[in-house]
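Residue-level structural notes
Listed here are the chains, written in short residue letters.
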Amino acid sequence: MTLYLLHESASGYALLHAHGLDEIGQNTEAVANSITDLNRFGKVVQLTAFHPFESALDALNQINAVSEGLMTDELRSFLELSLPKVKEGKKPKFRLGIEETKIGSHIHEVTKIPCESGDFVRELIRGVRQHFERFLKDLKPGDLDKARLGLGHSYSRAKVKFNVNRVDNMVIQAIFLLDTLDKDVNSFSMRVREWYSWHFPELVRIVNDNYLYAKLAKYIEDKSELSEDKIPALTDILGDEEKAKEIVEASKASMGQDLSPIDLINVQQFAQRVIDLSEYRGRLYSYLVTKMNDIAPNLASLIGDVVGARLISHAGSLTNLAKCPSSTLQILGAEKALFRALKTKGNTPKYGLIFHSSFIGRASAKNKGRMARYLANKCSIASRIDCFSENSTTVFGEKLREQVEERLEFYDKGIAPRKNIDVMKVAIESTQNKDTEMETEEVPTEASGKKSKKKKSKAAAAENGEPMAEDKPSAVTNGEALEDPKSEKKKKKKEKRKMDEDLEQQDHAMEDAEQDGTAKKKKKKSKDDDGEDLQSASDLKKKKKKKSKSENDE
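Structure report, in brief. Quick caveat: nothing in here was measured; it's all calculated off a predicted structure.

1. Section: the overall build of the protein chain
- In terms of regular secondary structure, the protein chain is built from 25 helices and seven strands.
- Expressed as a percentage of its 554 residues, the buried residues of the protein chain come to 34%.
- For the protein chain, contacts bridging at least 24 residues in sequence account for 66% of all contacts bridging at least 6.
- Total accessible area on the protein chain stands at roughly 36,200 Å², and carbon and sulfur atoms take up 51% of it.

2. A few points about the sheet that holds strand S2 (residues 12–18)
- One open sheet holds the five strands; their spatial order is S3-S2-S1-S4-S5, and the pairing between them is mixed. Where the open sheet ends on each side, the last strands, each with one partner, are strand S3 (45–52) and strand S5 (115–116).
- As judged from the seven bridges shared by S2 and S3, these two strands associate in the antiparallel manner. Residue His17 lies in a different strand from S3, and its bridge partner there is Gln46.
- Its contacts with the sheet place helix H6 (residues 119–130) against strand S1 (2–8), S2, S3, strand S4 (94–97) and S5, and it is angled at close to 55 degrees to S1.

3. As for the side chain of Gln62
- By the element assignment, Gln62 lies in helix H3 (residues 56–67).
- According to the relative accessible area criterion, Gln62 is buried, its value standing at 3%.
- Contact partners of Gln62, with chain neighbours within four places excluded, come to Tyr13, Phe53, Thr72 and Glu74.

4. So, the packing of aromatic side chains
- According to the stated counting rule, one finds nine aromatic pairs in the structure shown.
- Both rings, one in Tyr4 and one in Phe94, keep their centres 5.9 Å apart while their planes meet at 90 degrees; by these two values the pair is edge-to-face. A residue pair is termed long-range when its members are at least 10 positions apart, and Tyr4 in strand S1 and Phe94 in strand S4 qualify at 90 residues. Side by side, Tyr4 and Phe94 carry an identical accessibility label, which is buried.
- Note on Phe410 and Tyr411: the rings are 5.9 Å apart at their centroids and 45 degrees apart in plane angle, and the pair reads as tilted.
- Judged by its relative accessible area of 34%, Phe410 falls in the partly exposed class.
- What makes Tyr411 buried here is its relative accessible area of 16%.
- Members of the aromatic cluster, each reached through a chain of ring pairs, are Tyr13, Phe53 and Phe78.

5. Some words on helix H21 (residues 368–388)
- For H21, which comprises 21 residues, the first-to-last C-alpha distance of 30 Å matches the rise-based estimate of 30 Å (1.5 Å per residue) to within 8%.
- Most of H21 is tucked away, with 15 of its 21 residues classed as buried.

6. Describing the environment of Ala427
- Among the structural elements, Ala427 can be located in helix H23 (residues 420–463).
- Along the chain, Ala427 and Glu398 lie 29 residues apart, while their C-alpha atoms are 8.9 Å from each other.
- Discounting chain neighbours no more than four positions away, the residues touching Ala427 are Val395, Phe396 and Lys399.

7. Things to note about the pattern of salt bridges
- What the rule picks out here adds up to 15 salt bridges.
- With a closest N to O distance of 2.9 Å, Arg126 and Glu123 form a salt bridge. Within this pair, Arg126 and its partner Glu123 are both found in helix H6, separated by three residues, close to a single helical turn.
- On the basis of relative accessible area, Arg126 is assigned to the partly exposed category, the value being 34%.
- Connected through shared salt-bridge partners, Glu402, Glu406 and Arg418 make up one network.

What counts and how
Residues numbered from 1 in each chain as written. Predicted model: local features only at pLDDT ≥ 70, side-chain atom pairs only at ≥ 80, totals over all residues. Heavy atoms only, no water. Helix = DSSP H or I, 4+ residues; strand = E, 2+ residues; numbered from the N terminus. Buried < 20%, exposed > 50% of the residue type's maximum accessible area, 1.4 Å probe, protein only. Contact = heavy atoms within 4.5 Å. Areas by Shrake-Rupley, 256 points an atom, 1.4 Å probe, with all protein chains shown as cover. Pairing = 2+ DSSP bridges. Axes fitted to C-alpha atoms, helices over the stretch in contact; angles between N-to-C directions. Phe/Tyr/Trp six-rings, centres within 6.5 Å; stacked < 30°, edge-to-face > 60°. Expected span 1.5 Å × (residues − 1). Salt bridge = Lys/Arg side-chain N within 4 Å of Asp/Glu carboxyl O.

This is the structure in structure tokens:
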């Protein structure tokens, strides 16, 4: 059975025929030694066909498909044309040697070509790669190196290409630095407390916060100089006037020893460093919150910014976290306990990093494991939405958080929670409504821009002394042109004038009919509704006729 080798080079696909090989008794070491000699290798492997890439973009697309284990249409047509044709119902009398096993399985599924990938084939392809310039005689020296360099740069650039606003590496570095800062600030604060307590030991009992203690140590300096005049400044630092007065009273009866000016200067400098570190820690936390809102808004709204950042950091990236199943995410961070339990055949851990979430703490002892499993499931959904969705929104995270709250109530009170499919439908509808609102907000701005342009053009025409063109209706409905609004106003005025004339004639007729000091009655004209005026006039006319008849009868 003959062996063909498929080599994906930077310039195109190459198919080589390896003949005269006897795999029985051949080992990889012997093949590796024979590869270095071109005379021996050239007699065994010969070029059968070559399909060059059309452009650098085509080369990048083809290599991306090969790396993902997919066979493109170009590669399929190249193999079908270059390899020997197989009759229907018969097995092929050749094999195709391939370096990548993924693409080999795809080729075999689609074309039924038997593919082989092993150490022997890999060594042969390595020899082909080493002496490939000798097989292609039309290439100039250095062309293949340039093609490899260009394709390598473009392939790496495409793999590294990312959205600047969604770089999860920044979150990983920020959470690492935040954890180290917490440890450092705590250790430095304890050192400040221990150092300054030699001078003012009563201050430790009054002030418990490390940041405020460092600020007070820097401000007070020498306790003997404290007086009631400094109470307002101490109140500004502490925010409590009673504590400020207590500090002043304690300084008067303090048991601490006096420190030299040089020692006090060193304590002040170290306290200032602790203050700066604490303030920088606050700024770093705000930076982490903003980055989490950009990268993983749903995960942050579900489980919190710090815990979500720790999950991303432990997984390596947001993509790796999205690929993790919920069972892995549940014990993420408790790997040592897991393997120790597997080794000793004990109980496996129920939670890892998600234990720091408030939901686990709020659950009862018997429901902590179930709550951790449910929360890990929702975190897995939120991370996948954040990783693969194009539009960043917190709607799904908020709905998932509501589901976790309902599950807590179910464990405590027995209230049945909503189904996941119903909650997701509501979330999708809310996101769609937001998108439509955004679109409707954009439309009026465009219309107002057009109106402003029209006004500017009219004003410019008036300044130049040109006659302004009348606004003509541009829209046509159902094939009928719209009427001019001025002509409609004229018609309405004519109709009103006719109605007024008719009413005046009726009034004259009724005045003539009335005799012997009959009182004249005023009639009200409603200009808004013309039909009502006509009815009232006719009613008055009938009444007058009746009265006139009754008078004549008398």
